[in-house]
Amino acid sequence: MDTLTRIRAFIDVVEAEGFSAAARKTGRSKALLSKYVRELEDELGALLLNRTTRQFSMTEAGHTYFRSAADILKEIDNLADLVRENNADIRGKIRITVPRSFTDAEVGQSLIDFALEHPDLSIEIAAEDRFVDLIEEGFDLGIRVTKLDDSGMIARKLADFKIYACVSPKLLEKYGPLNHPQDLANIPMLIDTNSRSHNSIRLQGPTGDAFTVNISGPLVVNSPQTTLRGALSGLGAAMLPDFVARSHIESGALISLFEEYMPTGRGIYAVYPHRRYLPAKVRALVDFMHNWFKRNGPCTPGGNGTGS
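Starting from 1, residues in each chain are numbered consecutively following that chain's sequence as written. Predicted model: local features are reported for residues with pLDDT of at least 70 only, side-chain atom pairs are reported and counted for 80 or more only, and whole-chain, interface and lining totals are derived from all residues. Side-chain metrics in this entry use all non-hydrogen atoms of the structure; hydrogen atoms and water are not considered.

You'll find the protein chain entered in an unreviewed UniProt entry as HTH-type transcriptional regulator TtuA, with Allorhizobium terrae given as the organism. UniProt positions are given in the numbering used here, feature names are shortened, and annotations may be inferred rather than shown by experiment. UniProt's Sequence similarities (unreviewed entry) comment on the protein chain is quoted here verbatim: "Belongs to the LysR transcriptional regulatory family." Taken directly from UniProt, the Function (unreviewed entry) text for the protein chain runs: "Transcriptional regulator of the ttuABCDE tartrate utilization operon."

Shown next, in the form of structure tokens:
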């Protein structure tokens, strides 16, 4: 039995968090997986897993070995993908981390369309609004909706997007007229904690001078969709990305304020770790999404957003 098979068994057990779960996932027996892991430990002369009848945990040596072995196996799999890249059939599994605001908006359709086009590919999408370490958590690709800083990742911009200061006609009638962005400090604002600054808005004047507006209001939440619903109900004004707010602005349910002052340089990015070999399945997804946004824009399928 070769070392590579033993390593795969060890990684399967760790990722599944147990021998029984790994057996169900891989179709191999629990006894066979246990045998492979034991042989790997014998070969290394080190205990990798602490086993009990109910659970297991990794030893310090196991943690060290898992991190390096997982990277090595991924490189081997990526190299195989690279060799097979000319094959039209894209198979296997791809793990993606995506902001919930992306999957909940119309642009989330881009991932569904990709899955429809590649029925032999298993796609696992983790939708959550937190920073995810792609390498540490084993993701092949991340979608980031932000002004991207240097993160040590390879990044490809899929589309530009804008930020809008949105208010319902009812709220504007109550607090208006609003003549300058500083007036936003005097009305209730709904705060999405996914933004970089929670209690202030960084804006830019027509001449390029940046300034800050301090804001407060009745709702603080880590969800653009909940913020949107609050704005639509007249609970407060909100800073919203165009792919969340655009259709409501076009319908008149929301009014966009001070567009010439809004922050720029935001984008929707595909990011992935620095690796020598990029898997064909990851490249296929990034290319597909780039072309999807060129056709549809970042707002709605067939909408008026600006792709890039």
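Read on for the rest.
Let us now look at the packing of helix 1 (residues 3-16) against helix 3 (residues 30-44). Any two packed helices are characterised by how steeply their axes cross, that is the angle between the axes, and by the distance between the axes. At a closest axis distance of 8 Å, the pairing of helix 1 and helix 3 adopts a crossing angle of 115°. When the axes of helix 1 and helix 3 are compared, the crossing they make is left-handed. Of helix 3, the residues touching helix 1 (which contributes T3, T5, R6, I7, A9, F10 and V13) are L33, Y36, V37, E39, L40 and E43. Each axis is a line fitted through C-alpha atoms, taken for helices only over the stretch in contact, and angles between the N-to-C directions span 0 to 180 degrees. Helix and strand assignments follow DSSP, with helices taken as H or I runs no shorter than four residues and strands as E runs no shorter than two, numbered in order from the N terminus. In a left-handed crossing the near helix is turned counterclockwise from the far helix by less than a right angle, and in a right-handed crossing that turn is clockwise. The contact criterion used is simple: two residues touch if any of their non-hydrogen atoms lie within 4.5 Å.

Moving on to the side chain of T97. Structurally, the position occupied by T97 is in strand 3 (residues 92-98). Here T97 is in contact with A126, V132, L134, F139, L141, G142 and I143, once residues within four sequence places are set aside.

Right, let's talk about the pattern of salt bridges for a bit. Pairs can form between side chains of opposite charge whenever their charged atoms are close. For salt bridges, the criterion is a side-chain nitrogen of Lys or Arg within 4 Å of an Asp or Glu carboxyl oxygen. Tallied over the entire structure, the rule returns eight salt bridges. Its salt-bridge partner being K35, residue E39 comes within 2.7 Å of it at the nearest N-O pair. Residue E39 and its partner K35 are located together in helix 3, separated by four residues, close to a single helical turn. Note that K93 and E124 form a salt bridge whose closest N and O atoms lie 3.0 Å from each other. Taken together, the residues K93 in strand 3 and E124 in strand 4 (residues 121-127) connect sequence positions 31 residues apart. Connected through shared salt-bridge partners, R6, K35, E39 and E43 make up one network.

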